[in-house]
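Observations on chain architecture
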Amino acid sequence: MRIGIDVGGTNTDAVLLDGDTVLATVKSPTTPDVTGGVITAVNAVLDGSGAAPGAITAVMIGTTHFVNALVEGERLAPTAAVRLGLPATAALPPMTDWPARLRAALGHETGAAPTFLCHGGHEYDGREISPLDEDELRKAAAGIAARGIRSVAVSSVFSPVSADAELRAAEIFAAELGDAVHLSLSHEIGRVGLLPRENATIVNAALRDLAVTIVEAFGGALTTAGITAPLFLSQNDGTLMDVEHARRYPVATFASGPTNSMRGAAYLSGLTDCAVIDVGGTTADIGILTGGFPRQAAGEAELAGVRTNFRIPDVLSLGIGGGSLADLDPPSIGPRSVGYRLTEEALVFGGDTLTATDLAVAAGRADIGDAARVAHLDPDAVQAGLRHIAARLAETVDRMRTSAEPIPAVAVGGGSILVGSELPGFPDVRRPGHFAVANAIGAAIAQVGGEVDRVFQVPAGHRDAVLDAAKDEAVRAAEDAGARPGTVTITDIEEVPLAYLPGGATRIRINAVGDLDLQRLESAHA
Amino acid sequence: MREIHPEHLDDMARGAGILGTGGGGDPYVGKLLAQHAIREHGPVTVVDIHEVPPDATVVAISGMGAPTVSLEKIPAGTEEVTALRALERFLGRQATHLVPIEVGGLNSMTPFIAAARTRLPVVDGDAMGRAFPEAQMVLPGLIGVTVAPMAVADDKGNTLVLETVSNLWSERLARTACVEMGCSVSCADTVMRGDQLADGLVPATLTLAEDLGRTVREARAAHGDPVAAAARLLGGVRLLTGKVADVQRRTSGGFARGQARLDGLGGDDGRSLELSFQNEHLLARRDGEIVATTPDLICVLDTDSGEPVTTEGLRYGLRVTVLGVPCDPRWLTPGGLELAGPRYFGYDTDHVSLNR
């Protein structure tokens, strides 16, 4: 049996699964401290199912702690940024495009934390830009040590093509600064595009003190509940990482919330290829599942004013949720919402604000609050309002899909009562059981993945050989991450020839996923 | 004459992206580079073509290579000035003004990096009025101005100065060197006298790019129609509003070639438009009939936001509006069409005038 937990901004949701069977679910308020809500949720599903803590074999947690720390600019460690690439890249030093508030949070407005531009790095085809200057790096290490900095981000030009410079620099920093200093290397974090990859790496390094604290706290919470099973955290792409990995790559949890909802929708509906509409109180988040995994965003994502390019799902948010303010003449829904005050302000809860939830109740789609309070609404106007919601959702879903092939749409989340069975252009609309806790279900799905994403030289006539080698590499990466050999499959392939560049240079991205090998991990931990 | 400060470049870069007709590279990093240079060295003066003295020495500054590479290997910041100085040594005289080679995309920003560092003014105009992929595709060529002597510099300080027998040779040799130098170099070339600018350049295109970017931004902020606002400003023709229904890409001859099919929405319901692109959008066929070709500008914009959609960014489901915008009339002369007409890009058709 395993427990999936999703720690959101408002609610902490938990589920207990035995194989494919959902034994218990719970929604409880998220607490300001790390552990309170988790302990409450774990105890609730154990009590609800009657399962013994010792029967739990794994616990998976999806958390917003790390992305919230960045958004709030709090709990971030002073971080040194070291870039390898001179003489190139000097025109834009690290963190040039950051908001001043976050630069300050990382110690870069006062000089408390330093930035270093050093020699090294590679060309697009793997040649060196300049040799690594080891003395220069030792001097940088001395500067870092002198300021008492304990988190260091290292980025090297074209490290997704060749990681040699970053790895050698890491050896030097480890030797000079000792094990207590965190090193984040950009080739392990992001993809081609130096500034957004470097930004994500710096954010990761700044979160690593917090990651140690949070992972310890989660472990402590499970111990309190009597659970000794291994703990995993959800990543942006829907796969899992163990606690050792989570301590080193906290940034990989940033988008796990929407990812877990989508993965849970796939699990609950039994579909691997579908559109997912996750409706909360204020927004509907719409994404596409391919092979059971969310399609990833191709470009850059801005988080708290910082441009990054790590792996996150391609999600479009529409300002329609259960708490959206509704007008009936003419029909207009959202984007303003009563949010978490739904249970005080909506008509069905005795308030005086007409919300989208009131329309769903008036139309008989949901039994929430007091239906008598919306009985006065004109049934035609209510239907027109719900059709308006359906039309806007359908247009957004259509915008997200990648081909004209018909795909089913799955609605999950507490606000998914707004979605009826009719979505223009989508004949197959489903709302599976346990839809309200799809995010916690998604967290409990035990799969791990590997990715290759870089620029390959593809000589004429050798495309298949290059692709095969890249696929093998992705499969090995998944196995290294803990997948049971033999279960790994390729889930996504993308090839884009680079513009204005002769010679067959092609950016290839391949994702591979397999089942988590719990036995192997248990024996490794034993 | 006016001063360009960092904040002006936000609008200019947005407009330059639209004038890039799907190519030219994302101006974002170019804008950051230019803004950083201006903050360090002070504002840049932009002058109108008629403000340039007849005997001025005007040099075009541009980047060559793959935009994807320059997003990863950020420049040293010295490349433009290194190329300029190498060209000046060859010429035996100093440049008095700089000018962009193309207003479309990344290269609209490049001269500002050199101008901030050298304190030279930038001429408000460019040699294309849009973006094109190759060095010989410039209007000054039509009045006998050669690309060479052409100086090329990389991030390491390597430079070369090319003397060539034709503009096509300048393109070939510089492109080969560019690949060897790491696929991202800066060029100083196409030397003009002040009295050649009226005939050689498309005038006031930097101002056009800035106006365009501001118009789109303001229309968006007012919840208006940014695409209609852009079309009005550019004197463009709306060819189709629809959604991308199919995208096919293949690589041949070292360049990515592709086609996209757009299905009409709203008033265009039932119509379809086929878009042919290489690095830029080059040909548009509506319901089987050719309605726009290079060298006219085929701008694909996100219907809601007015943001340009690049050839690399085309994907199924995008809601886009395709605009045909008349090119500078000199591109429609026999010499202009030979350089940049549809046949040069391998399409078996003559140029078709935009139906206004």
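On a predicted model such as this, the values are computed, not experimentally measured, just so you know.

1. A few points about the overall build of chain A
Helix and strand content of chain A: 15 helices and 23 strands. Burial analysis of chain A (526 residues in total) assigns 56% to the buried set. Residue pairs at least 24 apart in sequence account for 68% of intrachain contacts in chain A once pairs closer than 6 positions are excluded. Carbon and sulfur atoms make up 51% of the accessible area of chain A, which totals about 19,700 Å². Distance between charge centres in chain A, computed from 39 positive and 64 negative side chains, equals 2 Å.

2. Some remarks on the interface of chain B and chain A
Counting from both sides, the interface comprises 41 residues of chain B and, opposite them, 40 residues of chain A. For the pair chain B and chain A, the summed buried area comes to about 3,600 Å², and 58% of that belongs to carbon and sulfur atoms. At the boundary of chain B and chain A, one finds eight salt bridges. Scanning the region where chain B abuts chain A turns up 17 residue pairs in polar contact (both at pLDDT 80 or more). Contributions of two or more residues to the side of chain B that touches chain A are made by helix H2 (27-41), helix H3 (67-72), helix H6 (167-180), strand E11 (237-252) and strand E12 (255-264) of chain B.

3. Side note on the state of the cysteines
All names here are of chain B. The final tally for this structure, using the stated rule, is zero disulfides over all chains. Summary of cysteine pairing: cysteine 187 is not part of a disulfide, and the nearest cysteine sulfur, belonging to cysteine 178, is at 7.4 Å. With a relative accessible area of 2%, cysteine 187 lands in the buried category.

4. Some remarks on the pairing of strand E18 (residues 331-337) of chain A
All names here are of chain A. Of the pairings in the sheet, the one linking strand E17 (residues 324-328) to E18 comprises four bridges and is antiparallel in character. Within E18, the position partnered with serine 324 by the bridge is serine 337. With antiparallel pairing between neighbouring strands as the criterion, E17 and E18 make up a hairpin whose turn holds two residues.

5. Here we look at the sheet that holds strand E8 (residues 182-185) of chain A
One key point about sheets: their strands pair by backbone hydrogen bonds, in either a parallel or an antiparallel sense. All names here are of chain A. Taking strand neighbours across the sheet as the criterion, the four strands line up as E6-E5-E7-E8 in an open arrangement whose pairing is parallel. Edge positions in the sheet fall to strand E6 (115-119) and E8, since each has one partner strand and no second. The average undirected angle you get between the axes of adjacent strands in this sheet is 20 degrees. Where strand E5 (residues 79-86) lies against strand E7 (residues 151-156), six bridges are found, and the strand directions are parallel.

6. Focus on the environment of Gly224(B)
In this fold, Gly224(B) is placed in the loop between helix H8 (205-221) and helix H9 (226-234). Distance in space between the C-alpha atoms of Gly224(B) and Leu139(B) is 36 Å, their sequence separation being 85 residues.

7. What to know about the packing of helix H1 (residues 8-19) of chain B against H2(B)
Residues and elements named next belong to chain B. H2 packs onto H1 with a crossing angle of 155 degrees between their chain directions and a minimal axis gap of 10 Å. The angle between H1 and H2 places the two elements in the roughly antiparallel class. Here H1 runs over H2; the crossing is right-handed. Here Leu9, Asp10, Ala13 and Gly17 of H1 come into contact with H2, specifically with Pro27, Lys31, Ala34, Gln35 and Ile38.

8. Some words on the nonpolar core
Counting 105 residues, the largest nonpolar core has Val59(B), Leu98(B), Phe112(B) and Val123(B) as the members making the most contacts within it. Not counting residues up to four positions away in its chain, the partners in contact with Phe112(B) are Ile4(B), Leu9(B), Met12(B), Ala34(B), Val44(B), Val46(B) and Leu206(B). Residues Ala14(A), Ala81(A), Ile214(A) and Ala246(A) belong to the second largest nonpolar core, which totals 59 residues.

9. Comments concerning a nonpolar patch on the surface
Residue and element names in this part refer to chain B. Together, Val165, Trp169 and Leu173 make up a nonpolar patch on the protein surface, roughly 310 Å² of accessible area in all. Position of tryptophan 169 relative to the elements: it lies in helix H6. Judged by its relative accessible area of 39%, tryptophan 169 falls in the partly exposed class.

10. A word on the confidence of the model for chain A
Considering every residue of chain A, the mean pLDDT works out to 88; 96% of them sit at 70 or more. When the elements of chain A are averaged for pLDDT, helix H15 (residues 518-525) of chain A gives the smallest value, 58, and E7(A) the largest, 98.

11. Notes on the UniProt feature "domain: S-Me-THD N-terminal" (unreviewed entry) in chain B
Taking the UniProt record as the reference, the feature "domain: S-Me-THD N-terminal" (unreviewed entry) is found at residues 8-163 of chain B. What you have in residues 8-163 of chain B is 35% helix and 19% strand, and the ends, taken at the C-alpha atoms, are 37 Å apart.

12. Details of the side chain of Gln278(B)
Residue and element names in this part refer to chain B. Along the chain, glutamine 278 turns up in the loop between strand E13 (272-277) and strand E14 (281-286). Take glutamine 278: its relative accessible area is 8%, and that puts it in the buried class. In terms of polar contacts, glutamine 278 uses its side chain to reach the backbone carbonyl oxygen of phenylalanine 345, at 2.8 Å.

13. Brief notes about the sheet that holds strand E1 (residues 2-7) of chain A
Residue and element names in this part refer to chain A. Here six strands make up an open sheet; going across it, the order is E3-E2-E1-E4-E9-E10 and the pairing mixed. If you trace the sheet from one side to the other, it starts and ends with strand E3 (21-29) and strand E10 (240-242), each paired once. Strand-to-strand twist of the sheet, defined as the mean angle between neighbouring strand axes without regard to direction, takes the value 20 degrees. Pairing of strand E2 (residues 11-18) with E3 involves eight bridges; the strand directions are antiparallel. If you follow leucine 16 over to E3, its bridge partner there is alanine 24. Most of the contacts of helix H7 (residues 208-224) go to strand E9 (residues 231-234), to which it runs at about 130 degrees, and overall it touches strand E4 (58-63) and E9.

14. With respect to the packing of aromatic side chains
This structure, assessed with the given rule, holds three aromatic pairs over all chains. Taken together, a centroid distance of 6.4 Å and an interplanar angle of 25 degrees make the contact between Phe132(B) and Phe345(B) stacked. In this pair, Phe132(B) is assigned in the loop between strand E6 (125-126) and strand E7 (150-153) and Phe345(B) in the segment after helix H10 (334-340), connecting sequence segments 213 residues apart. We classify Phe345(B) as buried; its relative accessible area is 5%. The interplanar angle of 85 degrees and the centroid separation of 5.6 Å between the aromatic rings of Tyr344(B) and Phe345(B) together place this pair among those described as edge-to-face. Under the relative-accessibility criterion, Tyr344(B) is labelled partly exposed at 35%. The side chain of Arg307(A) reaches across the aromatic face of Tyr28(B), ending 3.5 Å from its centre. A cation over a ring is seen here: Arg431(A) above Phe435(A), with NZ or CZ 5.0 Å from the ring centre.

15. A closer look at the pattern of salt bridges
Summed over all chains, the structure comprises 47 salt bridges over all chains. As a salt-bridge pair, Arg2(B) and Glu210(B) come within 2.9 Å of each other at their nearest N and O atoms. Of this pair, Arg2(B) sits in strand E1 (residues 2-4) while Glu210(B) is found in helix H8, placing the two residues 208 residues apart along the sequence. Within this structure, Glu134(A), Asp135(A), Arg138(A), Arg168(A), Glu171(A) and Glu176(A) form a network of salt bridges that share partners.

16. Re the domain arrangement of chain B
Residue and element names in this part refer to chain B. Here chain B is partitioned into domain 1 (2-203) and domain 2 (226-340). Both sides together, the interface formed by domain 1 and domain 2 hides about 1,900 Å², and carbon and sulfur atoms give 65% of it. For glutamate 307, the salt bridge identified is with arginine 14, shortest N-O distance 3.9 Å. Between domain 1 and domain 2 we count eight residue pairs in polar contact (both at pLDDT 80 or more) in total. Those elements giving two or more residues to the side of domain 1 that touches domain 2 turn out to be H1, helix H7 (197-200) and strand E10 (202-203). Among the elements that line the side of domain 1 that touches domain 2, the one with the most residues is H1, at four residues. Looking at the side of domain 1 that touches domain 2 residue by residue, the classes come out as 15 nonpolar, 10 polar and four charged.

Here is what the cut-offs are and how they apply
Residues numbered from 1 in each chain as written. Chains lettered and ligands numbered in written order. Predicted model: local features only at pLDDT ≥ 70, side-chain atom pairs only at ≥ 80, totals over all residues. Heavy atoms only, no water. Helix = DSSP H or I, 4+ residues; strand = E, 2+ residues; numbered from the N terminus. Buried < 20%, exposed > 50% of the residue type's maximum accessible area, 1.4 Å probe, protein only. Contact = heavy atoms within 4.5 Å. Areas by Shrake-Rupley, 256 points an atom, 1.4 Å probe, with all protein chains shown as cover. Lys, Arg positive; Asp, Glu negative; His and termini not counted. Charge placed at Lys NZ, Arg CZ, Asp CG, Glu CD. Buried area = accessible area lost by both parts, 1.4 Å probe. Salt bridge = Lys/Arg side-chain N within 4 Å of Asp/Glu carboxyl O. Polar contact = N/O pair within 3.5 Å; in protein donor to acceptor, adjacent residues only side chain to side chain. Disulfide = S-S within 2.5 Å. Pairing = 2+ DSSP bridges. Axes fitted to C-alpha atoms, helices over the stretch in contact; angles between N-to-C directions. Parallel < 35°, antiparallel > 145°, perpendicular 65-115°, else oblique. Left-handed = near helix turned anticlockwise from the far one by under 90°. Core = buried A, V, L, I, M, F, W, Y, C linked by side-chain atoms within 4.5 Å. Patch = residues over 30% accessible without salt bridge, like charges linked within 9 Å, V, L, I, M, F, W, Y side chains within 5 Å. pLDDT = per-residue confidence, 0-100. UniProt positions renumbered as here; feature names shortened; annotations may be inferred. Phe/Tyr/Trp six-rings, centres within 6.5 Å; stacked < 30°, edge-to-face > 60°. Lys NZ or Arg CZ within 6 Å of the ring centre and 35° of its normal. Domains from an automatic or database assignment. Nonpolar A, V, L, I, M, F, W, Y, C, P; charged D, E, K, R; others polar.

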